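Overview (structure and organization)
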Amino acid sequence: MAFAITQTCCSDATCVSVCPVNCIHPTPEERAFGSTEMLHIDPKACIDCGACADACPVDAVFPVDRLPDELREYERINAAYFEEAGTDAPGDAEAPAGRAEGTGPTFHDWSEPSFDRVLPADFGPLRVAVVGTGPAGMYAARDLLLHTPAEVTLIDRLPVAGGLVRYGVAPDHPATRKVGESFARFHTHPRVRTYLGLDVGTHITAEELAAHHDAVVYAVGASADRRLGVPGEDRPGSISATTFVAWYNAHPEVAPDAVDLSAERVVVVGNGNVALDVARILVSDPETLAGTEIAGHALAELRRSKVREVVLLGRRGPRDAACTRSELLALRHLPGVDLLIDDHDPRIGAAIDAAAAEDTAAVLRGLARETVDWSLSPGADGQPRRIVFRFLSAPVAVCGSEETGAVRVTGGAGELEIPAGLVLRAVGSRGVPQAGLPFDEATGTVPHAHGRVTGRPGTYVVGWIKRGPSGGIGANRTCAAETVGSLLADAVAGALPAPSGGPKAFRRLVRRRRR
């Protein structure tokens, strides 16, 4: 029968640790880990035990004979990963050879166990503050709680915990949101105290926080969006995809009326996973979203929506699309929605036709192609809603008298205007400076060495504020392991500054500052 990993894989690698035959690759110990969009199960080595499916935090693992039609392709994707490289772990010659001649599936060469994130038995409990309750912060907290007797203070500036899982995952991806359930038990852990609605830099200073803890770990993500740098991008009707995602997820800092869907055409600048998320939400049947955790005000606006067409604008060609193959595959199964390639440049079709089977661009093969007449009204003649991929085209300006009315773009023989009443920029995010911490404006990150903040003993970073906005939810697990390892090594070496205040003093301080 065998099992297959599917679209919602978060690369958390919990499945790797429970597999009794080491048939899931790449593992965190292999060089290819983090460079692939997802993990894969070798069908020839899998013994059908189902341990991976039980352990998966996002319900991404299925028996291949129970794959629904929209996920059927993942049986081939899992098998192809191993067939193309001819090994159990493509790209890693040192990986265990699970199908080596003369061995069975239970005779893998496992690496030596490593206990690098522990404290000596006679070491007293550390008091560690973790700023941010998204995946990065919670992986760090989990590591500390499971491997040490540390006491953890969880801090979040928002009134609801969860970070990216709560406010950044699309509501029609409930399986991905389930990773938050794996962290839930740590919020009520006896060695955890949580402070919500507490902003470091506003209510308390970084120095005050550090004075009451042995160490502080910042897991504040990348909350700002990247700019287009074109005229008119701040017009009404031109907003960031970050704002749009926060709007439909009921982020407390985004007003319920922040988005107006009275336009028939929306242009999304970018073609990464966030761009695909917002495009999918815009053209989905609102009734399919009614049973999700989408914000009530967003669902009401989507029911009133006049949007008939979403244009995904990509500066580069199909081979360089920023989205993952799995998200693009899911878009092809969207009911009642047409997908179209704007064939304005002969290089676009040529790139799709020449794409190798494993390339993201190959997913676009078979989609309708035509040179779009942008003067026509979207949805004319009763056509269904559609998503248009326009590659090799970059925005030059957002146009309009007062509000947004069109986007001037490059492509073909020159420039043209695409009429649009709403423009969403989805060209990436970046970190913002943190009070009391150094900051690298070029990378949007806090300078560090293996998670240790430069020039700030006892202060650490994890997640996107550490490495930039790259990697999905599961990538934070290995990122947190490195940071926690550095923290504990510093503790053993006596390199952590001694706190001047205790837990009770900190609680009193918080009560005075944040009533």
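Scroll up for the structure.
Now for a look at the structure at hand. (Residues numbered from 1 in each chain as written. Predicted model: local features only at pLDDT ≥ 70, side-chain atom pairs only at ≥ 80, totals over all residues. Heavy atoms only, no water.)

1. Focus: the overall build of the protein chain
- Looking only at helices and strands, one finds 17 helices and 23 strands in the protein chain.
- A compact globule built from 515 residues would reach a C-alpha radius of gyration of about 24 Å, and the protein chain, at 24 Å, matches this within 12%.
- For the protein chain, the C-alpha atoms occupy an extent of roughly 75 × 65 × 40 Å along the three principal directions.
- Within the span of the protein chain, comprising 515 residues, buried residues form 53% of the whole.
- The contacts of the protein chain with a sequence gap of at least 6 include a subset with a gap of at least 24, amounting to 74%.
- With an accessible surface of roughly 22400 Å², the protein chain has 51% of that area assigned to carbon and sulfur atoms. (Helix = DSSP H or I, 4+ residues; strand = E, 2+ residues; numbered from the N terminus. Rg over C-alpha atoms; globule rule 2.2 N^0.38 Å. Buried < 20%, exposed > 50% of the residue type's maximum accessible area, 1.4 Å probe, protein only. Contact = heavy atoms within 4.5 Å. Areas by Shrake-Rupley, 256 points an atom, 1.4 Å probe, with all protein chains shown as cover.)

2. Side note on the pairing of strand β6 (residues 151-156)
- Of all 6 residues in β6, 5 are buried, a share of seventy percent or more.
- By the bridge criterion, 5 bridges tie strand β5 (residues 127-131) to β6 in an arrangement that is parallel. Each bridged residue has a counterpart across the sheet, and for Val128 the counterpart in β6 is Val152.
- Regarding topology, helix α4 (residues 135-147) serves as the crossover connection from β5 to the parallel β6, and that connection is right-handed.
- Where β6 meets strand β7 (residues 192-196), 5 bridges bridge the pair, whose relative direction is parallel. Paired with Ile155 across the strands is Tyr195, a residue of β7. (Pairing = 2+ DSSP bridges. Right-handed = clockwise from strand over helix to strand, strands pointing away.)

3. Quick notes on the sheet that holds strand β17 (residues 406-411)
- With respect to topology, 3 strands assemble into an open sheet ordered β16-β17-β18, the strand pairing being antiparallel. Taken across any chain shown, the strands that pair with only one partner, and hence form the sheet edges, are β16 (395-399) and β18 (414-419). Recorded for the sheet is a direction-independent mean angle of 25° between the axes of neighbouring strands. (Axes fitted to C-alpha atoms, helices over the stretch in contact; angles between N-to-C directions.)

4. Some remarks on the nonpolar core
- Counting 111 residues, the largest nonpolar core has Ile24, Tyr248 and Phe389 as its most contacted members.
- Those residues in contact with Phe389 that lie beyond four places of it in its chain are Leu312, Leu328, Leu331, Leu339, Leu340, Ile341, Asp342, Leu364 and Leu367.
- By size, the runner-up hydrophobic cluster in this structure holds 20 residues, among which are Val446, Val453, Ile465 and Leu509. (Core = buried A, V, L, I, M, F, W, Y, C linked by side-chain atoms within 4.5 Å.)

5. Comments concerning empty space enclosed by the protein
- Under the counting rule described, the total for this entry stands at 2 cavities of 30 Å³ or more.
- Lining the largest cavity are 14 residues; nearest its centre among them are Cys9, Cys10, Ser11, Cys15 and Cys56.
- Its residues assigned to classes, the lining of the largest cavity shows 11 nonpolar, 2 polar and 1 charged.
- Taken as a whole, the second largest cavity encloses approximately 60 Å³ of empty space.
- Looking at the second largest cavity, the residues that line it are Cys19, Pro20, Val21, Cys23, Ile24, Cys46, Ile47, Asp48, Cys49, Gly50 and Cys52.
- Residues of the lining of the second largest cavity, tallied by class, amount to 9 nonpolar, 1 polar and 1 charged. (1 Å grid on protein atoms, 1.4 Å probe; cavity = no way out; pocket = protein on both sides within 12 Å on 5 of 7 lines; lining within 4 Å. Points joined across faces, edges and corners; volume = space filled by probe spheres on them. Nonpolar A, V, L, I, M, F, W, Y, C, P; charged D, E, K, R; others polar.)

6. Observations regarding the packing of aromatic side chains
- One pass over the structure, following the stated rule, counts 6 aromatic pairs.
- When the ring of Phe244 is compared with that of Trp247, the centres are 5.4 Å apart and the planes differ by 35°; the resulting orientation is tilted. One end of the pair is Phe244 and the other is Trp247, both in helix α9 (residues 241-248) and 3 residues apart, which spans about a single turn. Accessibility classification places Phe244 together with Trp247 in one group, the buried group.
- Pairwise contacts between aromatic rings join Phe244, Trp247 and Tyr248 into one cluster. (Phe/Tyr/Trp six-rings, centres within 6.5 Å; stacked < 30°, edge-to-face > 60°.)

7. Observations concerning the environment of Leu424
- With respect to the secondary-structure elements, Leu424 resides in strand β19 (residues 422-425).
- Once residues within four sequence positions are removed from consideration, Leu424 is found in contact with Ile239, Ser240, Phe244, Val266, Val267, Val268, Val269, Val278 and Leu282.

8. Describing the packing of α9 against helix α10 (residues 273-283)
- α10 packs onto α9 with a crossing angle of 50° between their chain directions and a minimal axis gap of 10 Å. By the angle class used here, α9 and α10 are oblique. Crossing of α9 against α10: the hand is left-handed. Together, Ala241, Phe244, Val245 and Tyr248 of α9 and Val274, Asp277, Val278, Ile281 and Leu282 of α10 make up the contact between the two elements. (Parallel < 35°, antiparallel > 145°, perpendicular 65-115°, else oblique. Left-handed = near helix turned anticlockwise from the far one by under 90°.)

9. A short note on a positive patch on the surface
- A cluster of like positive charges, contributed by Arg193, Lys504, Arg508, Arg511 and Arg512, occupies part of the molecular surface.
- No other element matches the 4 residues that helix α17 (residues 503-513) contributes to the positive patch.
- With respect to the helices, strands and loops of the structure, Arg512 is situated in helix α17.
- With a relative accessible area of 52%, Arg512 lands in the exposed category. (Patch = residues over 30% accessible without salt bridge, like charges linked within 9 Å, V, L, I, M, F, W, Y side chains within 5 Å. Salt bridge = Lys/Arg side-chain N within 4 Å of Asp/Glu carboxyl O. Lys, Arg positive; Asp, Glu negative; His and termini not counted. Charge placed at Lys NZ, Arg CZ, Asp CG, Glu CD.)

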